Amino acid sequence: MTPGGGSGPMKDCEYSQISTHSSSSPMESPHKKKKSVPKRKWEVFPGRNKFFCNGRIMMARQTGVFYLTLVLILVTSGLFFAFDCPYLSEKITPAIPAIGGILFFFVMGTLLRTSFSDPGVLPRATPDEAADLERQIDIANGSSSGGYRPPPRTKEVIINGQTVKLKYCFTCKIFRPPRASHCSLCDNCVERFDHHCPWVGNCVGKRNYRFFYMFILSLSFLTVFIFAFVITHVILRSQQTGFLNALKDSPASVLEAVVCFFSVWSIVGLSGFHTYLISSNQTTNEDIKGSWSNKRGKENYNPYSYGNIFTNCCAALCGPLSPSLIDRRGFIQPDTPQLAGPSNGITMYGATQSQSNMCDQDQCIQSTKFVLQAAATPLLQSEPSITSEELPLPGKTSISGPCAALTLGQPTPPSSMPNLTSDSGLTDIIPLKEEHEGHQFLTPEEAPSPPGMLPSGSPITHSHTMHVLSLASQDSLHEDSVRGLVKLSSV
Amino acid sequence: MATEVHSLQELRRSASLATKVFVQRDYSDGTTCQFQTKFPPELESRIERQLFEETVKTLNGFYAEAEKIGGSSYLEGCLACATAYFIFLCMETHYEKVLKKISKYIQDQNEKIYAPRGLLLTDPLERGMRVIEISIYEDRCSSGSSSSGSSSSSSGGGGGAGGR
């Protein structure tokens, strides 16, 4: 525990004394660790993503199907250029490999863009924001509605005359903006969430939807192109040497034809579906749920649509591209100067410390502090180190399990989740995911967290802030910890 | 940036964080980035309503400009599409340019209006475009919020003088 002074009431000056001296002794060991290796933010990113090239590339955790997609495209195109193009460029025109090359380049470019870019992930709320929201929700619901199962947290907004419900995300501790959704596979809230595509190895959201659409569109053209010219090649050959001999001469063509035949239906179908979605300015999510369909009621209409197809298309494909909200390659602030200052700096430092020490015990510790801090906010000048990290709940993996299995079990249609041709299984998963998320997260979120025991061997920052906290009103702490324990027992 | 950091560090050294106010998003226009212009009650005694509203309205204007769908954004989009989006590797998008303007504006506002009143605006970009975070600082050694100059000199000794 920090020996820092200030055993009396929370006087500003005494607190500043602690903070100024902190740089000299108790902070030194974590400081030294920090100073030697400044971490980038992607290294402590809370979602389930994989990062490559020092944070430049961002993908989902399961990338197996993406490699399959790459292999299929590369092998088929490679075989086409190696075996069919020489014959065709001689017999017909060299423009064929040229156009094929352009299409292939476009397909690969858009595929890599879709897979590697940030789909529009919303960063999780800072502890201050989360605490503020909790306070507002408590005020709105009335403290009497506390207890084990508080009502689900929603906010209603009127957008262009339609009432839209904004849901509270228990993982990210934010009210999701309209059209955003939480992806259970990646464990992130994504803006304008379309779907999670295993073929692309990433979510499809606001920032990469146009790349995804251009990918499937150009892939449809490429598939049709290769299929058509492979058939042409075989026909031309068989005119000279007979059909069976033609097949024997170019066995690669057979393979290409088979691959293209099975893919063309699903890819072209998917392109058509997404063209419809773009022209009506809906997401796959909304379409599957029937959020804006007339079946829900005569007055139900899509408030985001611009009215005409052309504007909708232009807005989706040529509209401005918002930048990534998660600063992947930024450095976690070393916070040495800020420690000498007020809590603004300490919050960040502490948050990063706690993020880098990700283990259950630490989460408990941080959760405790969160409870204490929420209770004692007006009395405190510093905010303790808190993250809004969650204990990984089993519910999530159970959802992602069947999802992944279902999509992998249908190799032919390369549609993503939710699948076009799929059965109700997949469509059930999407609303199920949200319910699960709500239920699973309800109790631990609601607490806001179960209080752990005050650590004896915790990192110095924690003990530092805990020391500060212990000076605050002990009654409210006690009450909160009791409340938290009660909630913990109900999990 | 250096000047602002310097003066804001002074503010931080001389004052301590009392609380934070969050200005939430206004979704009544759809998913475009707009913030509520409602005046938070915690700022009642700190800043004039009109100044605050003007800041938020200007920010809203900037965001609307960034997300505007019109001739230039279409051109940019079509050009990017034609180059299979490789052009984004070299060029800065219109949105990014406007975000730089916004960040400058916020810095400017902080220096001129908010820091002298013991407040600090945080760029919404750092908070995932969800909120405008306004940090309210209490002056350590005087109840007034505008005397950060004098208090910075007194606490300039690193707060070593514990008793005050």
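Rules of the game
- Residues numbered from 1 in each chain as written.
- Chains lettered and ligands numbered in written order.
- Predicted model: local features only at pLDDT ≥ 70, side-chain atom pairs only at ≥ 80, totals over all residues.
- Heavy atoms only, no water.
- UniProt positions renumbered as here; feature names shortened; annotations may be inferred.
- Phe/Tyr/Trp six-rings, centres within 6.5 Å; stacked < 30°, edge-to-face > 60°.
- Lys NZ or Arg CZ within 6 Å of the ring centre and 35° of its normal.
- Helix = DSSP H or I, 4+ residues; strand = E, 2+ residues; numbered from the N terminus.
- Expected span 1.5 Å × (residues − 1).
- Buried < 20%, exposed > 50% of the residue type's maximum accessible area, 1.4 Å probe, protein only.
- Contact = heavy atoms within 4.5 Å.
- Pairing = 2+ DSSP bridges.

Per an unreviewed UniProt entry, chain B goes by Golgin subfamily A member 7B isoform X2 and derives from Lepidothrix coronata. UniProt's Sequence similarities (unreviewed entry) comment on chain B is quoted here verbatim: "Belongs to the ERF4 family." According to UniProt, the comment filed for chain B under the heading Subcellular location (unreviewed entry) is "Golgi apparatus membrane".

The name recorded for chain A in an unreviewed UniProt entry is Palmitoyltransferase, from Lepidothrix coronata. As stated in UniProt under Catalytic activity (unreviewed entry), the record for chain A gives "L-cysteinyl-[protein] + hexadecanoyl-CoA = S-hexadecanoyl-L-cysteinyl-[protein] + CoA". Heading Sequence similarities (unreviewed entry) of the UniProt record for chain A holds this comment: "Belongs to the DHHC palmitoyltransferase family."

(A) Representation of the packing of aromatic side chains in the model. Residue and element names in this part refer to chain A. This structure, assessed with the given rule, holds 18 aromatic pairs over all chains. Across the ring face of F175, the terminal group of K155 is positioned such that the distance to the ring centre comes to 4.8 Å. Against the face of Y209 rests R192, its NZ or CZ located 5.2 Å from the ring centre.

(B) Representation of helix α4 (residues 94-114) of chain B in the model. The end-to-end C-alpha distance of α4(B) is 28 Å, a good match for the 30 Å that 21 residues give at a rise of 1.5 Å each. Within the span of α4(B), buried status applies to B:Y95, B:V98, B:L99, B:I102, B:Y105, B:I106, B:Q107, B:Q109, B:N110, B:I113 and B:Y114.

(C) Layout of the environment of A:L236. Residue and element names in this part refer to chain A. In this structure, L236 sits in helix α6 (residues 209-241). For the pair formed by L236 and K91, sequence separation is 145 residues and the distance between their alpha carbons is 8.8 Å. Leaving out residues up to four positions away in the same chain, L236 has contacts with Y87, K91 and I92.

(D) Looking closely at the sheet that holds strand β4 (residues 154-159) of chain A. Residue and element names in this part refer to chain A. Read from one edge to the other, the open sheet built from three strands follows the order β4-β5-β6, with strand pairing classed as antiparallel. Edge positions in the open sheet fall to β4 and β6 (174-175), since each of these has one partner strand only. As defined by bridge partners, β4 adjoins strand β5 (residues 162-169) across six bridges and the pair is classed as antiparallel. From the neighbouring strand, T154 faces β5, where its bridge partner is K167.

(E) Expanded view of the pairing of strand β2 (residues 57-60) of chain A. Residue and element names in this part refer to chain A. Neither face of β2 is open: one carries I57 and M59, the other M58 and A60, and all of them are buried. As paired strands, strand β1 (residues 49-52) and β2 are joined by four bridges and run antiparallel to one another. Note that in β2 the partner of F51 across the bridge is M58. Taking the residues between adjacent antiparallel strands as the criterion, β1 and β2 are bridged by four residues, where C53 takes a positive phi near 50 degrees.

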